[in-house]
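Structural characterization, general
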Amino acid sequence: MKRLTAVAITVILAMGFGSSAQSATTPKAGSACTKLNSTGKSSSGTLKCLVVGKKKVWVRSGTSSNTSSNSSGNASGPASGSPCSTIGAQKGLTSDSYLECRYGAKAALTWIELNKTPKISPLAVSPTPIQACQIPEGVDPTKSQDGAMSHGFPLTNYMASRYPAAGTIHIGILPVDFTDYPGETNLKTDLTATVDKLKRWFTYFSGGKVNLDVTYQTTWIHSDKKADYFDDQASYKNLDWWSAANKIGQSYVDLAPEGYDFNKIGGLFVYHPKAQRTIHTDLVDINLAAQTKQGNHVIDVHAAPAVLLERGQEYASWVAHEMMHHVGIAGHAPGEGFPFNIMTDQNGWSQALSAWDQFLLGWLPSNQVYCVDKARISDQTVEISPMEREDNGTKTIIVPIGPHQALVVDSHRAGTWTAGANAGAHAYSGFYGVTVYRIDTTKANDRSNESNSGSSTQNGTSDTPQTDDGNNTHWSKFAYYLPVDGGASNPQYDWGNYSPGQKVAYKYTGVVGDSFTSDGVKFTFLKTGDQDTIKISLQK
């Protein structure tokens, strides 16, 4: 901004105008003005008095977002920090940089300068030892709906023999079609791309600690049955769910050819034709004592229900989500059904792990975590990078606030790990935002009311029945998103149509000018650009 001001002053002096020249002299684009939003005529057309940087200057009216001085001193181009009119619009600045129109405080649209190759600030050095931010587990797994899956440290890698948090994980992907649902002809292209994406996902988010080995074939395995043979309600009505699941799981294993070596494969993921609409069983058959062509082996068999195919579920993100549970994280909070985390919406917009989950897994390097306890908070500012982008910047801020509690800050925007056009959730063009959530590792997840119809009023008691929209404290979660102080600046936005959380997520998404406050700590979103700048202060 200092460079912009200097350029504007240079232009004014060169033209011989002072700040009082507005009424006496014909205005020119880039010269100083005094009365905000006033208009004037010039040889180049109608001009309007707008704030550029910290100065009032004349800009061409009509499309003010496209006409104020840019940061390179070109009076005919837009400027970083000046108003714009179309969210997500972009304007080139240089060969390496551009402007994007984004929401700011009170939903004001503002040009933000970005680099085509993001410039990442040096890592912020934590004032508190990282161990203080490794919040310990506080849930008894024998009494938890999440079982042995972890909410806090240390990670319980309870299925490490098949899904180690560090090492090689062996899975099989089995493409099966049916007599009433023949498989698509583009299986080879789709499955090859899926496997490639899965491997890249594990490589990036594990920091290279996990190597994914996938056995698959690129031709359909033809079942001689109709699809409903593999549906528990259609074929096994008289059996309890687990007994039916074991029979279905074994039926899939029976279809696996010799090339699927269950001496090493620990998990089998079934790939159905995209048109399949008959199998409604969400098959999560854990620890199946399977009879394989290599003898008896304990494996897990997964097959997605038809509803996920109807939603356009991306197969790779579904597999990654399920595997993360086996590696040991509970997921499904904060904000079950919200679009900012692959563990809360596997068909959502973000295909990233939350910073907390990645940290808990031992996959987020400690130097990418800014850890600060309340005693060391001193109005410091920290620049964090979005979880969806592959970079080595500071990824999160963690403030421990109790023996089992912490506040966590994540940044979000489009990047390598956001979903494509067919996903069940979509961001608006130009979306960016910061979320803050409160961790309490003494609480497990209660998911009993996520699909109930009724009110989605947050934390309310007046409407009955209530819907757990994924962030309602009526139902226990190990983490909840904090609402933006005073209400969100970005306007109401519906991320999708199949989850209550998609309709309220905007309330918990901060943009520049917003803040979040909890437990005596305030996080203020000061600035955005290639990274997001957060001020950490004690509540006054």
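Coordinates for the structure precede this section.
As a starting point, this report considers the structure included with it. All values reported here derive from a predicted model rather than from experimental measurement.

Reading guide: rules and limits
Residues numbered from 1 in each chain as written. Predicted model: local features only at pLDDT ≥ 70, side-chain atom pairs only at ≥ 80, totals over all residues. Heavy atoms only, no water. Phe/Tyr/Trp six-rings, centres within 6.5 Å; stacked < 30°, edge-to-face > 60°. Buried < 20%, exposed > 50% of the residue type's maximum accessible area, 1.4 Å probe, protein only. Lys NZ or Arg CZ within 6 Å of the ring centre and 35° of its normal. Core = buried A, V, L, I, M, F, W, Y, C linked by side-chain atoms within 4.5 Å. Contact = heavy atoms within 4.5 Å. Disulfide = S-S within 2.5 Å. Helix = DSSP H or I, 4+ residues; strand = E, 2+ residues; numbered from the N terminus. 1 Å grid on protein atoms, 1.4 Å probe; cavity = no way out; pocket = protein on both sides within 12 Å on 5 of 7 lines; lining within 4 Å. Points joined across faces, edges and corners; volume = space filled by probe spheres on them. Nonpolar A, V, L, I, M, F, W, Y, C, P; charged D, E, K, R; others polar. Expected span 1.5 Å × (residues − 1). Pairing = 2+ DSSP bridges. Salt bridge = Lys/Arg side-chain N within 4 Å of Asp/Glu carboxyl O.

Comments concerning the packing of aromatic side chains
- Enumeration over the complete set of coordinates arrives at 30 aromatic pairs.
- Each ring, one from Tyr493 and one from Trp495, has its centre 5.3 Å from the other, and the planes form 85°; the classification is edge-to-face.
- By relative accessible area, which is 2% here, Trp495 ends up buried.
- A connected cluster of aromatic rings, assembled from ring pairs, spans Tyr103, Phe338, Phe340, Trp349, Tyr428, Phe431, Tyr437, Tyr481, Tyr493, Trp495 and Tyr508.
- The ring of Tyr229 is capped by Lys225, whose NZ or CZ atom sits 5.0 Å from the centre of that ring.

Structural notes on the nonpolar core
- Ranked by internal contacts, the top residues of the largest apolar core, which has 77 residues, are Ile171, Met324, Leu353 and Trp356.
- Those residues in contact with Met324, other than ones at most four positions away along the chain, are Trp201, Phe202, Ile329, Met343, Leu353, Leu361 and Trp363.

Some details on the state of the cysteines
- As enumerated under the stated definition, the model contains 2 disulfides in all.
- Between the sulfur of Cys84 and that of Cys101 lies a disulfide, 2.1 Å long from S to S. Residues Cys84 and Cys101 share a disulfide whose torsion about the S-S bond is about 90°; that sign makes it right-handed. With Cys84 in the loop between strand 3 (55–60) and strand 4 (90–92) and Cys101 in strand 5 (residues 97–103), the pair connects residues that are 17 residues apart, well separated along the chain. Residue Cys84 shares its accessibility class with Cys101, and that shared class is buried.
- Here Cys133 is linked by a disulfide to Cys371, with a sulfur-sulfur distance of 2.0 Å. Between Cys133 and Cys371 the sulfur-sulfur dihedral comes to about 95°; the bridge is accordingly right-handed. With a gap of 238 residues between them, Cys133 in the loop between strand 6 (109–115) and strand 7 (167–177) and Cys371 in strand 13 (residues 369–371) connect regions that are remote in the sequence.

Digging into the layout of surface pockets
- In this structure, the largest pocket spans a volume of roughly 1,100 Å³.
- Contributions of two or more residues to the lining of the largest pocket are made by strand 11 (283–292), helix 5 (306–310), helix 6 (315–327) and helix 8 (500–504).
- The biggest single contributor to the lining of the largest pocket is helix 6, with 5 residues.
- Of the residues contributing to the lining of the largest pocket, the split by class is 13 nonpolar, 18 polar and 10 charged.

Side note on helix 2 (residues 187–205)
- Taking 1.5 Å per residue, 19 residues should reach 27 Å; helix 2 reaches 27 Å between its end C-alpha atoms and fits that length.
- Those residues of helix 2 not exposed but buried are Leu187, Leu191, Thr194, Val195, Lys197, Leu198, Trp201, Phe202, Tyr204 and Phe205.
- Those residues of helix 2 that are buried lie in contact with strand 7, strand 8 (210–216), strand 10 (267–271), helix 6 and helix 7 (355–360).
- Phi turns positive, to about 65°, at Gly207, one or two residues after helix 2.

Quick look at the pairing of strand 16 (residues 405–413)
- With respect to burial, strand 16 is a largely interior element, 9 of its 9 residues being buried.
- Burial along strand 16 is two-sided: Gln405, Leu407, Val409, Ser411 and Arg413 facing one way and Ala406, Val408, Asp410 and His412 facing the other are all buried.
- Where strand 15 (residues 396–402) and strand 16 come together, 5 bridges link them in antiparallel fashion. Paired with Val399 across the strands is Leu407, a residue of strand 16.
- Once strand 15 ends, the chain turns through 2 residues before running back antiparallel as strand 16.

Topic: the pattern of salt bridges
- Tallying each qualifying case throughout the model produces 15 salt bridges.
- Linking Asp532 and Arg413 is a salt bridge whose minimum nitrogen-to-oxygen distance equals 2.9 Å. Taken together, the residues Asp532 in strand 21 (residues 532–538) and Arg413 in strand 16 connect sequence positions 119 residues apart. Like Arg413, Asp532 is buried.
- Each of Arg389, Asp391 and Lys395 takes part in a single network of salt bridges with overlapping partners.

Considering unusual backbone geometry
- Here the residue pair Phe153 and Pro154 is connected by a cis peptide bond, since its omega of -10° sits within 30 degrees of zero.
- Its place among the elements puts Pro154 in the loop between strand 6 and strand 7.
- Backbone geometry places Lys106, a non-glycine residue, at a positive phi of 55°.
- Positionally, Lys106 belongs in the loop between strand 5 and strand 6.
- A positive phi is found at Asp379, a non-glycine position, where the angle reads about 60°.
- Note on placement: Asp379 falls in the loop between strand 13 and strand 14 (380–384).

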